Protein chains: 2
Amino acid sequence: MVVKENQEELTIALNRTLKEGDREGFMKLLKDLRPYDQAIQYMRIPRKLHPLFVECLDLSMLTEMLPYLKASSQVELIQSLEPEKAIPILDMMQNDDLAAMLTDLDPEEIDRLTNMMVREEAENVRRILDYPADTAGRAMTNRFVWVHENYTVGKTTEKLRYYSGYATSMNYIYVINSDKQLIGVVSYRQLLLADPDTRITDIMSRRVISVDAFTDQEDVAKQFARYDFVSVPVTNEDGTLAGIITVDDVIDIIVREANEDIEMLMASGKQIDFHTKPFTAAWKRLPWLILLLFIGLVSGSIISGFEATLEQVVALAFFMPLIAGMTGNTGTQSLAVVVRGLASDDISLKESLKLVLRELVVGIIIGLTCGFLIAVIAFIWQGSFMLGVVVGSSLILTLIIGTLAGTVIPLILSRFRFDPAVASGPLITTVNDILSLLIYFGIATAFLSKLT
Amino acid sequence: MVVKENQEELTIALNRTLKEGDREGFMKLLKDLRPYDQAIQYMRIPRKLHPLFVECLDLSMLTEMLPYLKASSQVELIQSLEPEKAIPILDMMQNDDLAAMLTDLDPEEIDRLTNMMVREEAENVRRILDYPADTAGRAMTNRFVWVHENYTVGKTTEKLRYYSGYATSMNYIYVINSDKQLIGVVSYRQLLLADPDTRITDIMSRRVISVDAFTDQEDVAKQFARYDFVSVPVTNEDGTLAGIITVDDVIDIIVREANEDIEMLMASGKQIDFHTKPFTAAWKRLPWLILLLFIGLVSGSIISGFEATLEQVVALAFFMPLIAGMTGNTGTQSLAVVVRGLASDDISLKESLKLVLRELVVGIIIGLTCGFLIAVIAFIWQGSFMLGVVVGSSLILTLIIGTLAGTVIPLILSRFRFDPAVASGPLITTVNDILSLLIYFGIATAFLSKLT
């Protein structure tokens with residue numbers, strides 16, 4: 001790994017060599033870097049040096065670096081190239097990377113780029129783009145080696161040798177029958193240890209696990225995590241082999257899904273990273289904040305509805321942020337448990353009910369503990385026994401209800417096949433803010449004669 | 001993958017066969033399951049059937065299922081076995097799995113269990129347990145194949161054949177010199193394509209990337225994500241080969257780290273899942289809630305300090321939850337961006353400053369937008385121009401400060417090598433609650449004469 005501090009020095013050095021036209025010096029610095037680190041350097045140097053940078057790299061270096069750039073930079077780079085450089089790169093790219101690069105472009109631009117490609121490769125990419133977003137079909141590559149069931153070990157090794165520069169280097173070779181259906185799998189190790197004349201069907205394992213091309217990528221990732229796969233074949237409805245998904249792409253899927261969960265749970269705005277421009281970042285964050293502003297107004301109008309109560313006992317205002325804050329917090333605690341639990345576990349209806357019951361018990365324990373504590377504190381601080389009773393009993397109720405809301409809402413969303421993390425964060429804050437104020441001021445108003 | 005609904009049916013069927021003593025029926029149901037799914041079934045059936053379940057499995061099935069159980073269940077299972085069954089299982093287990101199982105036990109129990117093992121295996125496990133928690137050394141296994149630099153391809157294949165049942169099946173064979181230092185790597189594919197008489201040093205790649213045994217597991221995971229590794233060798237300070245880390249363990253690390261980030265960001269309590277008992281879950285969640293309760297009291301005492309202001313303009317209370325809530329939310333938005341950014345990117349001091357500047361701009365944009373909006377609403381709703389000015393200008397200030405707090409605090413924590421997710425969630429809520437109330441009531445008090 002190139003350490004961050006070295007990365008900055010490297011950028012400066014690369015800048016200098018490029019400006020001085022010192023190609024040899026530039027290549028000396030760049031050639032030992034991994035494609036990922038080359039991409040980092042490409043994105044760090046000033047834009048106007050990009051053409052020079054690209055000119056220095058040969059086709060295979062460019063092809064390897066490209067997938068590590070942002071999709072928009074990838075397209076920009078490809079479009080800046082002469083066709084005689086762009087075409088072989090498009091043809092050589094892994095087609096899942098290619099599909100990812102093309103996914104956000106408009107249809108005409110996709111056509112323009114794919115029309116330049118070798119027909120077979122173009123068709124492969126178009127086929128991948130036909131699968132819905134976030135399905136297994138979108139994440140698969142067809143750069144892998146498969147053999148027909150009548151192959152021998154020796155012939156298989158030959159085929160492997162022939163495609164050795166081209167195919168993704170994974171552990172397995174897949175075996176198909178005359179209908180192109182997946183019927184078995186052989187590991188490189190099995191090939192290595194077998195006699196060349198052995199028929200492939202004699203050493204292959206017939207218990208090959210595959211995923212359907214329409215499977216959600218999140219479910220594919222769960223299977224990799226559970227079963228310790230390094231790659232998994234993807235099949236169409238009729239059992240034909242469509243492609244493979246490799247573990248490196250699955251790692252990207254897992255990281256992306258975790259980030260999406262956090263974005264939704266914390267309402268922090270989609271895909272903001274260290275390189276996002278300030279206006280873009282503000283623009284992505286504002287919807288949530290404006291939503292929250294209107295939620296705040298609902299809370300405000302509830303409080304204004306109890307203005308008379310509040311005017312008589314101003315001390316009630318002291319405990320308002322505490323009660324609303326704690327209710328919101330116990331709700332998001334439950335929410336986090338449910339959302340992360342659903343990300344690694346499936347849950348049946350019966351288990352959902354069990355979980356709600358558990359959270360009810362948790363809510364009661366938490367409510368009684370915190371409610372009793374705040375009752376004593378309120379009594380000592382404000383010298384009013386009844387204020388202690390009102391604040392304490394409100395907190396018991398709001399904590400129980402807040403805990404349940406944080407559990408039930410995401411479970412219902414997930415039952416109806418919404419992603420439970422979608423909108424749950426702000427949703428639960430809303431619900432709990434409003435409920436806690438209603439309960440608090442409701443109880444206070446009921447006991448108003450005893451409070452004053 | 002065994003679908004959830006089928007899993008329940010399967011549990012019922014397994015239960016019945018066990019109770020009826022129908023071993024054959026039991027094995028018929030169980031034998032085609034993957035070890036992960038067997039472990040799920042083991043944890044689902046009643047405890048009293050566990051001994052019967054275990055009795056039915058042979059040693060290799062038990063060894064494969066064991067790592068998928070919870071650590072406590074693993075120890076329980078091992079302790080329930082006769083020594084003649086337990087010992088070979090301990091010896092056969094991957095030593096990283098074994099280390100993970102032993103890690104929470106007290107030293108005497110570790111000694112008792114490791115003393116039963118073959119001496120060499122026991123020493124391997126003890127060596128792994130000597131590395132600090134969450135380092136590469138803790139996640140590595142020594143079940144891999146390495147060869148000496150004077151080996152030929154043929155001799156290497158022989159060694160591979162000999163260890164084929166024992167070693168982790170990964171793509172690579174590592175080459176060491178007489179000092180046991182790692183000097184190269186050969187892929188199975190290279191072996192497959194090379195002549196048996198070729199010297200291994202002639203086909204091996206000398207540019208082998210390794211990680212130091214003391215590297216943080218999170219950094220190891222970053223390298224896998226960036227460089228698309230399936231395994232990486234772990235070396236000691238002197239360059240000797242200590243073990244390898246495989247991608248399946250890295251996936252577990254990534255999932256665990258993401259869960260830990262969410263736990264800390266949402267203050268939801270450590271390692272609560274769907275199977276945690278209610279009292280345990282409540283016990284883990286209460287510390288945060290009690291902390292938040294006292295934070296709420298600080299807010300309460302600030303409000304009580306401004307009691308005179310509040311008594312004169314009760315309408316100020318209507319906007320309290322809104323201002324505190326929005327400030328907290330913009331803070332956690334920034335926090336989420338920083339924490340997730342740090343999880344996949346490193347950041348230099350210069351870049352930190354750039355990020356703080358960007359968030360300042362974001363804060364200003366957000367502040368001006370929301371502040372103007374609420375000023376207009378407050379003016380229209382309460383019919384007081386000055387109230388609009390007070391609420392609006394407060395929100396502008398609190399949103400700018402809240403955004404900065406959410407950025408600066410995690411950056412400082414990470415500079416001083418605290419995990420930025422640790423305590424940041426509650427910390428930022430505290431800071432922002434207190435700051436927002438001080439600013440709001442400060443401004444309101446300053447303009448009090450014009451408000452009434």
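Residues numbered from 1 in each chain as written. Chains lettered and ligands numbered in written order. Predicted model: local features only at pLDDT ≥ 70, side-chain atom pairs only at ≥ 80, totals over all residues. Heavy atoms only, no water.

**Let's talk about a nonpolar patch on the surface**
Residue and element names in this part refer to chain A. Taken together, the side chains of Phe372, Val376, Phe379, Ile380 and Phe385 define a hydrophobic patch exposed on the protein surface, amounting to about 570 Å² of accessible area. It is helix α21 (residues 349-382) that provides the largest number of residues to the nonpolar patch, a total of 4 residues. Here Phe372 lies in helix α21. (Patch = residues over 30% accessible without salt bridge, like charges linked within 9 Å, V, L, I, M, F, W, Y side chains within 5 Å. Areas by Shrake-Rupley, 256 points an atom, 1.4 Å probe, with all protein chains shown as cover. Salt bridge = Lys/Arg side-chain N within 4 Å of Asp/Glu carboxyl O. Helix = DSSP H or I, 4+ residues; strand = E, 2+ residues; numbered from the N terminus.)

**Structural notes on the sheet that holds strand β6 (residues 241-246) of chain A**
All names here are of chain A. Strand order in the open sheet made by the 3 strands is β4-β5-β6, with mixed pairing throughout. Pairing within the sheet leaves two strands with one partner each, and these edge strands are β4 (211-212) and β6. In the sheet, β4 pairs with strand β5 (residues 231-235) via 2 bridges, with the strands oriented parallel. Note that in β5 the partner of Asp212 across the bridge is Thr235. Where helix α15 (residues 217-227) meets the sheet, it contacts β4, β5 and β6, and its direction lies at approximately 60° from that of β6. (Pairing = 2+ DSSP bridges. Contact = heavy atoms within 4.5 Å. Axes fitted to C-alpha atoms, helices over the stretch in contact; angles between N-to-C directions.)

**Topic: the UniProt feature "domain: CBS" (unreviewed entry) in chain A**
The UniProt record marks residues 140-203 and 204-262 of chain A with the feature "domain: CBS" (unreviewed entry), using the residue numbering of this structure. Secondary structure within residues 204-262 of chain A divides into 46% helix and 22% strand; the distance between the first and last C-alpha atoms comes to 42 Å. (UniProt positions renumbered as here; feature names shortened; annotations may be inferred.)

**A few points about the environment of Asn124(B)**
Residue and element names in this part refer to chain B. Following the sequence through the fold, Asn124 ends up in helix α10 (residues 119-130). C-alpha of Asn124 to C-alpha of Ala242: the two residues are 118 residues apart in sequence and 9.9 Å apart in space. Not counting residues within four places of it along the chain, the set of residues in contact with Asn124 comprises Asn95 and Asn142. A distance of 3.2 Å separates a polar atom in the side chain of Asn124 from a polar atom in the side chain of Arg127. (Polar contact = N/O pair within 3.5 Å; in protein donor to acceptor, adjacent residues only side chain to side chain.)

**Points about the sheet that holds strand β1 (residues 146-148) of chain A**
Hydrogen bonds along the backbone pair up the strands of a sheet, which may run parallel or antiparallel. Residues and elements named next belong to chain A. Spatial strand order, β1-β2-β3: 3 strands in an open sheet with mixed pairing. Looking at the sheet topology across the chains shown, the edges are occupied by β1 and β3 (182-187). Along the sheet, successive strands turn relative to each other by an average axial angle of 30°, direction set aside. Two strands pair when backbone bridges link them, and β1 and strand β2 (residues 172-176) are joined in this way by 3 bridges, in the parallel orientation. Of the residues in β2, the one forming a bridge with Val147 is Val175.

**Re the domain arrangement of chain A**
Reports of interface size often rely on the accessible area that becomes lost once the parts have come together. All names here are of chain A. Along its sequence, chain A is organised into domain 1 (4-136), domain 2 (146-261) and domain 3 (278-451). Here the C-alpha centroids of domain 2 and domain 3 sit 49 Å apart. If you look at the interface, domain 2 gives 4 residues, while domain 3 gives 8 residues. Summing the contributions of domain 2 and of domain 3, the shared interface buries around 520 Å²; its carbon and sulfur component is 29%. It is Lys222, Arg226 and Asp261 in domain 2 that bury the most area against domain 3; as a group they hold 78% of the surface buried on that side. At the boundary of domain 2 and domain 3, one finds 0 salt bridges. (Domains from an automatic or database assignment. Buried area = accessible area lost by both parts, 1.4 Å probe.)

**Side note on helix α22 (residues 385-415) of chain A**
End to end, α22(A) covers 45 Å across 31 residues, agreeing with the expected 45 Å (1.5 Å per residue, within 8%). In the stretch just after α22(A), Arg417(A) is the one whose phi turns positive, near 65°. (Expected span 1.5 Å × (residues − 1).)

**Here we look at the confidence of the model for chain A**
Mean pLDDT over chain A: 86, with 96% of residues reaching 70 or higher. Across chain A, the element-wise mean pLDDT spans from 81 in helix α24 (residues 448-451) of chain A up to 94 in β4(A). (pLDDT = per-residue confidence, 0-100.)

**Examining the packing of aromatic side chains**
Tallied over the full model, the rule gives 26 aromatic pairs over all chains. Taking the centre distance of 5.7 Å and the plane angle of 85° together, the rings of Tyr36(A) and Tyr227(B) count as edge-to-face. Of this pair, Tyr36(A) sits in helix α3 (residues 35-44) while Tyr227(B) sits in helix α15 (residues 217-227), which puts the two residues in different chains. Per residue, the accessibility class of Tyr36(A) equals that of Tyr227(B), and both read buried. (Phe/Tyr/Trp six-rings, centres within 6.5 Å; stacked < 30°, edge-to-face > 60°. Buried < 20%, exposed > 50% of the residue type's maximum accessible area, 1.4 Å probe, protein only.)

**What to know about the interface of chain A and chain B**
With 120 residues of chain A in contact, the opposing surface of chain B contributes 120 residues. Each partner contributes to the roughly 11200 Å² buried at the junction of chain A and chain B, and carbon and sulfur atoms together form 69% of this total. Joining chain A to chain B, the criterion identifies 4 salt bridges. Between Glu351(B) and Arg44(A) there is a salt bridge; the shortest N-O distance is 3.4 Å. Remark: the boundary between chain A and chain B carries 20 residue pairs in polar contact (both at pLDDT 80 or more). Sort the elements by how many residues they give to the side of chain A that touches chain B and helix α17 (residues 278-305) of chain A lands first, with 19 residues. Its residues assigned to classes, the side of chain A that touches chain B shows 68 nonpolar, 25 polar and 27 charged. (Nonpolar A, V, L, I, M, F, W, Y, C, P; charged D, E, K, R; others polar.)

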